[in-house]
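Structural overview
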Amino acid sequence: MDRTEYFTAKLTFETDASDVYAAQKAGQAAVIVDVRSDEAWAQGRVAGAVHMHYSEIADRAPKEIPAGSAVVVYCWSPGCNAGAKGALEFAALGYEVREMIGGFEYWVREGYPIENAEGVHRRPIDPNVGVPRIRTQA
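An account of the accompanying structure is given in this report. (Residues numbered from 1 in each chain as written. Predicted model: local features only at pLDDT ≥ 70, side-chain atom pairs only at ≥ 80, totals over all residues. Heavy atoms only, no water.)

1. Some words on the environment of Arg98
The condition is simple: Elements are defined by DSSP. Helices are runs of H or I of four residues or more, strands are runs of E of two residues or more, and each kind is numbered from the N terminus. The contact definition used throughout considers only heavy atoms, calling two residues in contact when any of these lie within 4.5 Å. Residues adjacent in sequence count toward polar contacts only when both atoms are side-chain atoms; beyond that, a polar contact is any pair of N or O atoms within 3.5 Å, and within protein one must be able to donate a hydrogen and the other to accept it.
Assignment of secondary structure puts Arg98 in strand S6 (residues 96-101). If we skip the residues at most four places from it in the chain, Arg98 touches Leu11, Thr12, Phe13, Glu14, Thr15, Val71, Val72 and Val73. Polar contacts involving the side chain of Arg98 include one to the main-chain carbonyl oxygen of Leu11, which spans 3.4 Å. Polar contacts involving the side chain of Arg98 include one to the side chain of Thr15, which spans 3.4 Å.

2. Looking at the sheet that holds strand S1 (residues 14-16)
Heads up, the condition is: Strand pairing follows a simple DSSP-based rule, namely that at least 2 bridges must link the two strands. Think of each axis as a best-fit line through the C-alpha atoms, taken over the contacting stretch in the case of a helix, with angles from 0 to 180 degrees between the N-to-C directions.
Taken together, 5 strands build an open sheet; the order of strands is S1-S6-S5-S2-S4 and the sheet is parallel. Unpaired on one side and paired on the other, S1 and strand S4 (50-51) mark the two borders of the sheet. Bridging between strand S2 (residues 31-34) and strand S5 (residues 70-74) involves 4 bridges; their strand directions are parallel. What sits directly across from Asp34, in S5, is Tyr74. Sheet strands touched by helix H1 (residues 3-13): S1 and S6. Its angle to S6, the strand with the most contacts, is close to 95 degrees.

3. Quick word on the sheet that holds strand S7 (residues 114-116)
One open sheet accounts for 3 strands, arranged S3-S7-S8; its pairing is antiparallel. Only two strands of the sheet have a single neighbouring strand rather than two, namely strand S3 (45-46) and strand S8 (119-121). Across 2 bridges, S3 lies against S7 in antiparallel orientation. Note that in S7 the partner of Val46 across the bridge is Ile114.

4. Topic: a nonpolar patch on the surface
Here is the rule: Only residues whose relative accessible area exceeds 30% and that take part in no salt bridge are eligible for patches, with like-charged residues grouped when within 9 Å of each other and nonpolar side chains (Val, Leu, Ile, Met, Phe, Trp, Tyr) grouped when within 5 Å. To measure how exposed things are, a 1.4 Å probe is used in the Shrake-Rupley method; for residues, cover is taken only from the protein chains shown. Any Lys or Arg side-chain nitrogen found within 4 Å of a carboxyl oxygen on Asp or Glu counts as a salt bridge.
Residues Met1, Tyr6 and Phe7 make up a contiguous nonpolar surface patch of about 380 Å² in total accessible area. Locating Met1 in the fold gives a position in the segment before H1.

As structure tokens, then:
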């Protein structure tokens, strides 16, 4: 496999927070699946995500996510491999699946909408991973 083939394949199977958010804003349908624990889900998640622990995907996905759906999975962070475990489960079921690299950590750090029991909100953008939005007065 040459480098072009490698990176083409990599981009076929991975995405990142900024691309997922841009696709959401553009109305491109993908089911975003949080594969973390119940406790992690309760702390906060990508706004609009579905919760399905990676160990439940084989049983639940065929009943809850229509066949042929594009799926994006994520876990906590680059240090967590639950996203890869979830992606493997979806792939085995025949779904078009991609893993969101950086996970929930980078979604939050880049300032995209998160949701928890208090509703949908955003945290400040971490200037180490995103460009802070400058608010101007009109």
